[in-house]
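Summary of the model geometry
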Amino acid sequence: MELAGKILIAMPGMGDPRFERSVILVCAHTAEGAMGIILNKPAREMTFAGLLEHLKIPVAPEGRDIRVQIGGPVERGRGFVLHSPDWGRNRSDGATMVVPGGFEMTATMDILQAFARGGGPETALLALGYAGWGPGQLEAEIGRNDWLTGEADAGLVFSGEDGEKWGRALRGMGIDPLSLSAASGRA
């Protein structure tokens, strides 16, 4: 089961409130575990401008603002910029991770400085923290019907209202969110 570059959509019966109605982009998936970014949980206590100020990064008049999300419960003090592939392709420092499906992720200060100067990748979001799973854990959760898996697209990842992404992801799979039940079973 290869999940890197796919989305996870939390089922209504998800027992963990941190992931209720979450849509997650799986950025890495190996035998050692998985790592993903929640796409629809805004960081209400932090703005991008506030983060730049906290990090003492000067902002030019043409500086850009990007969406700040709670990426997950692991390492919430660490930032990850999920972005379009137009930023990392000319870099050779290994600081940008390619995520299957046309995405990249960078966790260095220079991308924040680029946004502050008005540059950076065309589309992006900043995630504080990430969702992580140990070996076999995500596969077991999928087997318990905690998650649906689907294809990721840039429109879902980078645009639209956060509160609508869960329903949009389901409808994109042809599923009416109202038809889902919190109970699961096997035929």
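Above this text is the structure in question.
Notes on the structure follow.

Conventions used here
Residues numbered from 1 in each chain as written. Predicted model: local features only at pLDDT ≥ 70, side-chain atom pairs only at ≥ 80, totals over all residues. Heavy atoms only, no water. Helix = DSSP H or I, 4+ residues; strand = E, 2+ residues; numbered from the N terminus. Buried < 20%, exposed > 50% of the residue type's maximum accessible area, 1.4 Å probe, protein only. Contact = heavy atoms within 4.5 Å. Polar contact = N/O pair within 3.5 Å; in protein donor to acceptor, adjacent residues only side chain to side chain. Core = buried A, V, L, I, M, F, W, Y, C linked by side-chain atoms within 4.5 Å. Salt bridge = Lys/Arg side-chain N within 4 Å of Asp/Glu carboxyl O. Phe/Tyr/Trp six-rings, centres within 6.5 Å; stacked < 30°, edge-to-face > 60°.

1. Considerations on the environment of Gly129
Relative to the helices and strands, Gly129 is located in strand β8 (residues 124–133). Owing to a relative accessible area of 0%, Gly129 belongs among the buried residues under this scheme. The sequence separation of Gly129 and Asn40 amounts to 89 residues, and the corresponding C-alpha distance is 13 Å. When sequence neighbours within four positions are dropped, the list of residues in contact with Gly129 reads Ile37, Gly71, Gly72, Val74, Glu75, Arg76, Arg78 and Phe80.

2. Things to note about the side chain of His29
For His29, the position within the fold is in strand β2 (residues 23–30). Of the polar contacts made by the side chain of His29, one reaches the backbone oxygen of Met1; its length is 3.3 Å. Engagement of the side chain of His29 in a polar contact is seen with the backbone nitrogen of Leu3, the distance being 3.3 Å. Dropping the residues within four chain positions of it, His29 is found in contact with Met1, Glu2, Leu3, Ala4, Ala34 and Glu139.

3. Focus on helix α5 (residues 162–172)
If you check which residues of α5 are buried, you get Asp162, Lys165, Trp166, Gly167, Ala169 and Leu170. Buried positions along α5 lie against β1 (6–10), β2, β4 (67–70), β9 (147–151) and α4 (154–158). Just downstream of α5 lies Gly174, where phi reads positive at about 80°.

4. Thoughts on unusual backbone geometry
Unlike most non-glycine residues, Arg21 shows phi in positive territory, near 55°. Assignment of secondary structure puts Arg21 in the loop between β1 and β2. Arg21 gets classed as partly exposed once you look at its relative accessible area, which sits at 42%.

5. Describing the environment of Gly143
Relative to the helices and strands, Gly143 is located in helix α3 (residues 137–143). Spatially, the C-alpha atom of Gly143 lies 32 Å from that of Arg67, the residues being 76 residues apart in sequence.

6. Brief notes about the nonpolar core
Membership of the largest hydrophobic core comes to 37 residues, with the highest contact counts inside it found for Leu25, Ile37, Leu82 and Trp147. Every residue in contact with Leu25, bar those within four places of it in the chain, is listed here: Gly5, Lys6, Ile7, Met35, Gly36, Ile37, Leu39, Leu82, Val99, Phe103 and Ala152. Judged by nonpolar contacts, the second largest core, of 18 residues, contains Ile57, Phe115, Ala116 and Ala124.

7. Here's the deal with the pattern of salt bridges
Proximity of charged atoms lets side chains of opposite charge pair with each other. Applying the stated criterion across every chain, the model contains 6 salt bridges. Ionic pairing is found between Asp16 and Arg18, a salt bridge with its closest N-O pair at 2.6 Å. Take Arg18: its relative accessible area is 49%, and that puts it in the partly exposed class. Measuring nitrogen to oxygen at the nearest pair gives 3.7 Å for the salt bridge that ties Glu45 to Arg76. Placement of the pair is Glu45 in the loop between β3 (33–38) and α1 (48–54) and Arg76 in strand β5 (residues 74–83), with a sequence separation of 31 residues. Assessed through its relative accessible area of 58%, Glu45 is described here as exposed.

8. Structural notes on the packing of aromatic side chains
Summed over all chains, the structure comprises 5 aromatic pairs. Taken together, a centroid distance of 5.9 Å and an interplanar angle of 90° make the contact between Phe48 and Phe115 edge-to-face. Pair noted here: Phe48 is in helix α1 and Phe115 is in helix α2 (residues 109–116), with a separation of 67 residues, a long-range link. Phe115 shares its class with Phe48; the two are buried. With 5.6 Å between their ring centres and 85° between their planes, Phe80 and Tyr130 make a pair best called edge-to-face. Here Phe80, found in strand β5, pairs with Tyr130, found in strand β8; they are 50 residues apart in sequence, far enough to count as distant. With a relative accessible area of 5%, Phe80 lands in the buried category. The buried category is assigned to Tyr130, whose relative accessible area is 17%. An aromatic cluster is built from Phe19, Trp133 and Trp147, whose rings are joined through pairwise contacts.

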